[in-house]
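One letter stands for each residue in the lines below.
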Amino acid sequence: MQEISNIAATLPLFEGLSFRETEALLRRLRGRVQAYDRGAFLLESGRTVRALGLLLEGRALVLQEDYWGNRNLLAKLVPGQLFAETFACLPQTPLSVSVQAEEACRVVWLEVVWALEAEGPAEPGRERFLCNLLRLMAEKNLHLNEKLTHMGQRSTREKLLSYLSAQARRQGGAEFDIPFNRQQLADYLSVERSAMCAALGRLQKEGLLSYRRNHFRLRSGREGPQMGEGT
C-alpha cells in the first residue's frame, strides 16, 4: 500500500491531500494495483465495473467498436489519467467502451462508490478527493465535446484543421506534437487513413502546415520551406 500511496500522492486525483490522507483514502477505496501486457484489455465493452482506473505507468487506448468491428478511438491515456470513472459511479450501467494497453502498463483500481455514498463523520481528505474527481471528470467532458466538434466537420480536411487548430491552442503555439500515429489519428477522427494522409499532403502543398511523423507546424500559407511529408 505504501508504494501505491507514494505514486498516487503525486497524481492530480490526490492533489492537495497529505500522504496520510492519501494512504487512508486508498484503503477505504480498496485500492489495488494490476499490471497488464501490451495489447491486453484493461476493460471490455458490455461489462459492469465498480472501480475506476487510474493509470500509473504506460499508455492505453479508450476504444469504441460497432457490431461490425469498426473502431473509434476516443482517447489515449497517459500516466495520471482516469478512465471508467463514470461507469464506476453508476455500477449497474454496462461499459460502452473498451480500454486496451498500448504498451505494458500498471493501473490502480479504486472503488469510488464509498466516497459518493459515505454518511456520518467526514473522512479526512474525502471532500478534497471528490473535488479533484469532479474537476478531472469535467476536464474529460471538455475533451469529449472538443472531439464532437471535430467529428461534426463535413470533410476529412475540415476535421484535420479543426483538430490541429485545437492542439495548437492547447499547447500554446503553432508547433507541437500530437499523441497519435497516423492510424490512431484516423480512428480518432473516424476517417479513412488513406484519405486523411492525402488531405494532409494537400494541406502541406498549400502551405497551411508542415509535419514529420507526429510533429506539426501550422503555417499562414506565406512561410518558407516545409519540413517534408511524414508517414
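All of the points below concern the structure found in this document. (Residues numbered from 1 in each chain as written. Predicted model: local features only at pLDDT ≥ 70, side-chain atom pairs only at ≥ 80, totals over all residues. Heavy atoms only, no water.)

**Brief notes about the overall build of the chain**
The test is simple: Comment: elements are numbered from the N terminus, with helices defined as DSSP H or I runs of at least four residues and strands as E runs of at least two. Two residues form a contact once any of their heavy atoms are found within 4.5 Å. Each accessible area is a Shrake-Rupley estimate made with a 1.4 Å probe; only the visible protein chains count as cover when residues are assessed. Charged residues are defined narrowly, with Lys and Arg counted positive, Asp and Glu counted negative, and His plus the chain ends left uncounted. We put the charge of a Lys on NZ, of an Arg on CZ, of an Asp on CG and of a Glu on CD.
Counting secondary structure elements, the chain contains eight helices and eleven strands. Principal-axis analysis of the C-alpha atoms places the extent of the chain at approximately 65 × 40 × 30 Å. Pairs at least 24 apart in sequence give 66% of the contacts found in the chain among residues at least 6 apart. In the form shown here, the chain has an accessible surface area of approximately 12600 Å², with 48% of it arising from carbon and sulfur atoms. Here the chain contributes 31 positive and 27 negative side-chain charges, whose respective centroids are spaced 5 Å apart.

**As for the sheet that holds strand β9 (residues 175–177)**
As a reminder, the rule being used: Note on pairing: DSSP must find at least two bridges between two strands before they are called paired. Axes, fitted as lines to C-alpha atoms, cover a helix only where it is in contact. Angles between the N-to-C directions of the axes lie from 0 to 180 degrees.
With antiparallel pairing, three strands are arranged side by side in an open sheet as β9-β11-β10. The two strands at the open ends of the sheet, each matched to only one other strand, are β9 and β10 (209–212). The sheet shows a mean angle of 20° between the axes of neighbouring strands, direction not considered. As paired elements, β10 and strand β11 (residues 215–218) share four bridges and run antiparallel to each other.

**Regarding the packing of aromatic side chains**
For the record, the criterion: Planes of paired rings set the category: under 30 degrees apart is stacked, over 60 is edge-to-face and the rest tilted, where pairs are Phe, Tyr or Trp rings (Trp by its six-membered ring) whose centres lie within 6.5 Å. With a 1.4 Å probe rolled over the protein chains alone, any residue whose accessible area is under 20% of its type maximum counts as buried; one over 50% counts as exposed, and the rest are partly exposed. By definition, being over a ring means that NZ of Lys or CZ of Arg is both within 6 Å of the ring centre and within 35 degrees of the ring normal.
One pass over the full model with this rule turns up seven aromatic pairs. Between F14 and F129, the aromatic rings sit 5.7 Å apart at their centres with planes inclined by 45°, giving tilted as the arrangement. Here F14, found in the loop between α1 (2–8) and α2 (19–28), pairs with F129, found in helix α5 (residues 126–151); they are 115 residues apart in sequence, far enough to count as distant. As far as the burial class goes, F14 and F129 line up, both buried. Through a chain of ring-to-ring contacts, the aromatic side chains of Y163, F180 and Y188 assemble into a single cluster. The ring of Y188 carries the charged tip of K147 above its face, separated from the ring centre by 4.2 Å.

**Describing the side chain of Q100**
Under the convention used in this document: Within 3.5 Å is the distance limit for a polar contact, defined as a pair of N or O atoms, with the added protein rule that one can donate a hydrogen and the other accept it, and that residues adjacent in sequence qualify only through two side-chain atoms.
Positionally, Q100 belongs in strand β7 (residues 98–101). Polar side-chain contacts of Q100 include one of 3.0 Å to the backbone oxygen of G39. In this structure, Q100 is in contact with G39, A40, F41, L42, A60, L61, L63 and R71, ignoring residues within four places of it in sequence.

**Overview of the pattern of salt bridges**
Condition: In what follows, salt bridge is the name for a side-chain nitrogen of Lys or Arg lying within 4 Å of a carboxyl oxygen of Asp or Glu.
Applying the stated rule across the entire model yields eleven salt bridges. Among the salt bridges present, the one from R106 reaches E57, with a minimum N-O distance of 3.2 Å. Separated by 49 residues along the polypeptide, R106 in strand β8 (residues 105–110) and E57 in strand β3 (residues 52–57) bring together distant segments of the chain. The shortest N-O distance in the salt bridge between R71 and E65 comes to 3.4 Å. Judged by its relative accessible area of 34%, R71 falls in the partly exposed class.

**Regarding unusual backbone geometry**
Keep in mind that most residues, glycine aside, have a negative phi and that most peptide bonds are trans. Here the phi dihedral of A84 falls at roughly 65°; this positive angle occurs in a residue that is not glycine. Take A84: it is sitting in the loop between β6 (82–83) and α3 (85–89).

**Some details on the pairing of strand β5 (residues 71–77)**
Counted residue by residue, β5 has five buried out of seven residues, so it is predominantly covered. As paired elements, strand β4 (residues 60–65) and β5 share six bridges and run antiparallel to each other. Looking at the pairing, L63 lines up with L73 of β5. Connecting β4 to the next strand, β5, in antiparallel fashion are five residues, including G69 with a positive phi near 90°.

**Things to note about the environment of V33**
Take V33: it is sitting in strand β1 (residues 32–36). Measuring from C-alpha to C-alpha, the distance between V33 and L56 comes to 8.9 Å, with 23 residues separating the pair along the chain. For V33, the residues in contact, after removing those within four places along its chain, are I4, L56, R106, V107 and V108.

**Here's the deal with the packing of α5 against helix α6 (residues 156–171)**
Stated precisely, the cut-off is as follows: Side-chain classes follow a simple rule in which Ala, Val, Leu, Ile, Met, Phe, Trp, Tyr, Cys and Pro form the nonpolar group, Asp, Glu, Lys and Arg form the charged group, and the remainder, Gly included, forms the polar group.
Here α5 crosses α6 at 145°, and the two axes come no closer than 8 Å. Counted together, H143, E146, T149, H150 and M151 of α5 and K159, S162, Y163, A166 and R170 of α6 form the full contact between these two elements. Of the residues in the contact of α5 with α6, the class split is three nonpolar, four polar and three charged.

**Some words on the environment of L110**
Counting through the fold element by element, L110 comes out in strand β8. Apart from the residues within four sequence positions on either side, L110 is in contact with L13, F14, L26, L29, G31, R50, A51 and L52.

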